[in-house]
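One-letter residues, chain by chain:
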Amino acid sequence: MIRLQLSQPNDVADAKAMLQTAIGIEFGTLPPYLYALYSIRDGTNAGAVTRIRSIALQEMIHMCLGCNILNALGGDPVLTPPSYPGPLPGGIGADGTPLVIHCFPFSKEAMEQATAIEQPEDPPDFPVHQLLLEVAVGPKTVTIGQYYAALDAFLSTLPASAWTQNRHQIRDDQFFAGQVYPVNSYADAHKAIGQIVSEGEGTPKSPLDFQDEPAHYYRFEEILRDEVLTKDANVLGYAWGPETLGVDWSAVYPAIADPASHDFSKEPVAAQAAQQACDDAYTTLVRQLAEAVTGVSGALGQAVGAMFVLRSAALQAFTTPLADPARVAGPAFRFKP
């Protein structure tokens, strides 16, 4: 379970800092989720592909909503591409050190990491992750959902004058109609935070989000368990199965983990060129997202298009052998200023 350091906000400056951390978390989950997604061989694992892709797009939406809130408060969102392996912003682990996030190819390890990131405070009794539930933490550390709850509680105390109308707001009716919308008041911010938390963790009474779909944590758990979460007459209201996703852990490119820490100078020229193409595509994606979060019209749609370019570059990398012909390397998610 990822835990976040929390100091209760006392003023708008504190709230802006909290929002910047939240934006960094949403942005920071994209590369590990995309690495797992792109490493799945075409035509396989349809259920897993659908779930991971939808989660990645929702993380982008969450990041944009966080930016809209920050912009409305007069802040200026900054996108700082993380390095992998490395921590997400504000995160700490069981011993007080950051929870290190890796870029794993599609695997049980990748899905366990994803559920650890998304895990709510008190999920139903799923035995797969009992060790994660035993994390000992101090009183000032909280889950992502609790972090947003503290932020929302403070925002509710602000006067209407704290909110600037239509400042750098991101909206895109072409790709995310009704999901990315302007934030001009606390009511808008409260709606956005509710959407972010419910899509990530579900609600306190249900594993479903506000659209009656399993939240991110449970979608990743479905893949990990290879069982679909369905409504049931038991006391919890839901059960695993009997439907399965047909997960095939072998239907994946033989990719190394954490290519950003790999020395490509000793790899074939084709592998180096594939990595350069991935770096270029990712850099373009980051730049277009950076434009989107400052309210540049149409930039979010361009960023969505850049994700498809990145996928094409990733597929080239995943099919280009390294010096060890049995291994490949996916995108390193390196930003090149």
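Below, the discussion takes up the layout of surface pockets. For the second largest pocket, the calculated volume is near 350 Å³. In this structure, the second largest pocket is lined by 20 residues; those nearest its centre are Leu-37, Tyr-38, Arg-53, Phe-308 and Arg-311. Taken together, the residues of the lining of the second largest pocket sort by class into 14 nonpolar, 2 polar and 4 charged.

Okay, unusual backbone geometry next. The omega angle of the peptide bond from Tyr-84 to Pro-85 is 5°, so this bond is cis rather than trans. In this structure, Pro-85 sits in the loop between α2 (46-72) and β2 (86-87). A cis amide bond, omega 5°, links Gly-241 with the succeeding residue Pro-242. Mapping Pro-242 onto the fold places it in the loop between β7 (238-240) and α8 (269-292). Of note, Asp-258 is a non-glycine position whose phi angle comes to about 50°, a positive value.

With 95 residues, the main nonpolar core has Ile-69, Leu-155 and Trp-163 as its most contacted residues. Broken down by secondary-structure element, the contributors of at least two residues to this core are α1 (12-38), α2, α3 (108-118), α5 (144-155), α6 (186-201), α7 (216-225), α8 and α9 (299-318). The residues contacting Leu-155, other than those within four sequence positions of it, are Ala-15, Ile-69, Leu-73, Trp-163, Tyr-186, Ala-189 and Ile-193. Grouped together as the second largest cluster of nonpolar side chains are 7 residues, Tyr-218, Leu-229, Tyr-238 and Trp-240 included.

Attention now moves to the packing of α1 against α3. Contact geometry for α1 and α3: axes closest at 10 Å, N-to-C directions at 150°. Viewed along their axes, α1 and α3 adopt a mutual orientation that is roughly antiparallel. Helix-helix and strand crossings are classified by hand; for α1 and α3 the assignment is left-handed. Contacts between α1 and α3 pair Thr-29, Pro-32, Tyr-33 and Ala-36 from the former with Ala-110, Met-111, Gln-113, Ala-114, Ile-117 and Glu-118 from the latter.

One pass over the full model with this rule turns up 6 salt bridges. With a shortest N-O distance of 3.2 Å, Glu-227 and Arg-225 are connected by a salt bridge. When its relative accessible area of 24% is taken as the criterion, Arg-225 is described as partly exposed. The residue Arg-334 makes a salt bridge to Asp-279 at a minimum N-O spacing of 3.2 Å. Here Arg-334 is found in the segment after α9, whereas its partner Asp-279 is found in helix α8, with 55 residues between them in sequence.

Another aspect to go through is the packing of aromatic side chains. For any pair of aromatic rings, the description rests on two quantities: the centre-to-centre distance and the angle between the ring planes. Evaluated as defined, the whole model comprises 7 aromatic pairs. Their ring planes at 90° and their centres at 5.3 Å tell us that Tyr-282 and Phe-333 sit as a pair that is edge-to-face. Note that Tyr-282 is positioned in helix α8 and Phe-333 in the segment after α9, a separation of 51 residues in sequence. Across the ring face of Tyr-181, the terminal group of Lys-191 is positioned such that the distance to the ring centre comes to 4.3 Å.

Of the residues in the chain, 90% have a pLDDT of 70 or more, and the chain-wide mean is 88. pLDDT under 50 marks residues 126-139. Its contacts with residues more than four places away, or in other chains, come to 24 contacts.

Next up on the list: the side chain of Glu-267. Inspection of the secondary structure assignment puts Glu-267 in the loop between β7 and α8. The charged side chain of Glu-267 is buried without a salt bridge, its nearest counter-charge being Lys-266 at 9.0 Å. Looking at Glu-267, its side chain comes within polar contact range of the side chain of His-262, at 2.7 Å. The residues contacting Glu-267, other than those within four sequence positions of it, are His-262, Gln-272, Leu-322 and Ala-323.

Reading the values: the criteria
- Residues numbered from 1 in each chain as written.
- Predicted model: local features only at pLDDT ≥ 70, side-chain atom pairs only at ≥ 80, totals over all residues.
- Heavy atoms only, no water.
- 1 Å grid on protein atoms, 1.4 Å probe; cavity = no way out; pocket = protein on both sides within 12 Å on 5 of 7 lines; lining within 4 Å.
- Points joined across faces, edges and corners; volume = space filled by probe spheres on them.
- Nonpolar A, V, L, I, M, F, W, Y, C, P; charged D, E, K, R; others polar.
- Helix = DSSP H or I, 4+ residues; strand = E, 2+ residues; numbered from the N terminus.
- Core = buried A, V, L, I, M, F, W, Y, C linked by side-chain atoms within 4.5 Å.
- Buried < 20%, exposed > 50% of the residue type's maximum accessible area, 1.4 Å probe, protein only.
- Contact = heavy atoms within 4.5 Å.
- Axes fitted to C-alpha atoms, helices over the stretch in contact; angles between N-to-C directions.
- Parallel < 35°, antiparallel > 145°, perpendicular 65-115°, else oblique.
- Left-handed = near helix turned anticlockwise from the far one by under 90°.
- Salt bridge = Lys/Arg side-chain N within 4 Å of Asp/Glu carboxyl O.
- Phe/Tyr/Trp six-rings, centres within 6.5 Å; stacked < 30°, edge-to-face > 60°.
- Lys NZ or Arg CZ within 6 Å of the ring centre and 35° of its normal.
- pLDDT = per-residue confidence, 0-100.
- Lys, Arg positive; Asp, Glu negative; His and termini not counted.
- Polar contact = N/O pair within 3.5 Å; in protein donor to acceptor, adjacent residues only side chain to side chain.

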